[in-house]
Amino acid sequence: MPVMLIDAGCRIILANRPLVELFGHDPSDMNAVTLLRQAPVLAAMDVAMRDGREGNARFVFNGLSGEVSYQFRASPMPEGGAILSFEDKSQAEESEIIRRDFVANISHELRTPLTGLTGFIETLRTTARNDPDARDRFLEIMETEAQRMSRMVSDLLSLSRVQGDERVRPRNKVNIAGVIRSVIATLEGKLKDSNVTVQTSGLQDRAIVLGDRDQLIQLFLNLIENAIKYGGKDRTIHVDLIRVDQDRALRASAFRIDIRDEGEGIDMLHLPRLTERFYRVDDHRSREMGGTGLGLAIVKHIVNRHRGRLKITSKPGVGSCFSTIIPTG
């Protein structure tokens, strides 16, 4: 934690290494007022120096990595002067923003189907009580909405588990080629229903990574299911596993798995936001296809846990390619 001591004249008499790193230089012998120059911070210093009480304020530092928020504390010393400390609160503030956004999003996502279900129940109790056709139609819609909410809850639980494990790197050796072959076999029914074929390359060899097999299955299940949904019927999905001797970004050897569809493609302006929770390029179309808007967020966190990276490229009218690059085991 960055800390410095000031004397009764606000001259900095000692600064620890984290504080030197924060400001980029040793501020010793400088006047703290000149260094800090933020009204709330100076007021908190004044409380400590004048009234002998601890002063608190929010200190915002603009560095090379962007804006960082600190909890500033000025604690008076018995012999005069004060101890000034800076506690990084950026992560906590960011987490609070994410939490608020998440609550707002999930409330919005659940409100529509719940409102619909409530309306259908009321109709079935009154005007449609003796109408078999209307009853069957409403029950079918209610079943669809209930299934979508069930999928959303399932995806939320999956996302929570993945985020909880994200800091712990997997240590088991997994044959990623075998995982992909297994996922394709699992999706055989959906592929047949959509008359979609899968062309593969590189899956015949062993491709060992350090990974969590269940999470890798979920990752490729999400990506290939998306390719089936948005690639269109009567098309082909291309799944290629390629060994990369040295990935520049990861600075290590890796396996790259390209999953490419032949769909409508995605406009470039949407690509940076595709892995955000509940973000959809076409909200109505995604809902019709049963999408929850969480699939690619789950993919992103699984890739992060495996210390890999996700690359998305697309060309409208040609198709999209989702490339997962995972370091070798």
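Residues numbered from 1 in each chain as written. Predicted model: local features only at pLDDT ≥ 70, side-chain atom pairs only at ≥ 80, totals over all residues. Heavy atoms only, no water.

Each helix and strand in the protein was counted, giving ten helices and twelve strands. Rg of the C-alpha trace for the protein: 28 Å, well past the compact-globule value of 20 Å for 329 residues, more than 25% over. Dimensions of the protein along its principal axes, counting C-alpha atoms only, are 85 × 65 × 35 Å. Per-residue burial over the protein gives 41% buried out of 329 residues. Summed over its atoms, the accessible surface of the protein is roughly 18,500 Å², and 50% of this surface lies on carbon and sulfur atoms. (Helix = DSSP H or I, 4+ residues; strand = E, 2+ residues; numbered from the N terminus. Rg over C-alpha atoms; globule rule 2.2 N^0.38 Å. Buried < 20%, exposed > 50% of the residue type's maximum accessible area, 1.4 Å probe, protein only. Areas by Shrake-Rupley, 256 points an atom, 1.4 Å probe, with all protein chains shown as cover.)

Read from one edge to the other, the open sheet built from five strands follows the order S7-S9-S10-S12-S11, with strand pairing classed as mixed. Edge strands, defined here as strands with exactly one partner in the open sheet, are strand S7 (197-201) and strand S11 (309-315). Across the sheet, the axes of successive neighbouring strands diverge by a mean angle of 20°, strand direction being ignored. Against the sheet, helix H6 (residues 176-186) makes contact with S7, strand S9 (236-247), strand S10 (252-260) and strand S12 (319-327), and its axis sits at roughly 170° relative to S9, the strand it touches most. (Pairing = 2+ DSSP bridges. Axes fitted to C-alpha atoms, helices over the stretch in contact; angles between N-to-C directions. Contact = heavy atoms within 4.5 Å.)

Phe-220, Leu-241, Ile-257 and Ile-259 are the most contacted members of the largest nonpolar core, which totals 46 residues. For this core, the elements supplying multiple residues, two or more each, are helix H5 (132-165), H6, helix H8 (213-231), S9, S10, helix H10 (295-305) and S12. The leading source of residues in this core is H8, at seven residues. Apart from residues no more than four positions distant in its own chain, Phe-220 is found in contact with Ile-176, Val-179, Ile-180, Val-183, Ile-257, Ile-259 and Thr-324. Core analysis: the second largest hydrophobic core is formed by 25 residues, Met-4, Ile-6, Ile-12 and Leu-84 among them. (Core = buried A, V, L, I, M, F, W, Y, C linked by side-chain atoms within 4.5 Å.)

Our focus in this paragraph is the pattern of salt bridges. Tallying each qualifying case throughout the model produces 13 salt bridges. Across the salt bridge formed by Asp-51 and Arg-53, the nearest N and O atoms sit 3.4 Å from each other. Owing to a relative accessible area of 47%, Arg-53 belongs among the partly exposed residues under this scheme. Between Arg-256 and Asp-258 there is a salt bridge, with the nearest N and O atoms lying 3.0 Å from each other. Given a relative accessible area of 27%, Arg-256 falls into the partly exposed group. Looking at Asp-258, the relative accessible area reads 9%, which means it is buried. A single network of salt bridges, built from pairs that share partners, joins Asp-46, Arg-50, Asp-51 and Arg-53. (Salt bridge = Lys/Arg side-chain N within 4 Å of Asp/Glu carboxyl O.)

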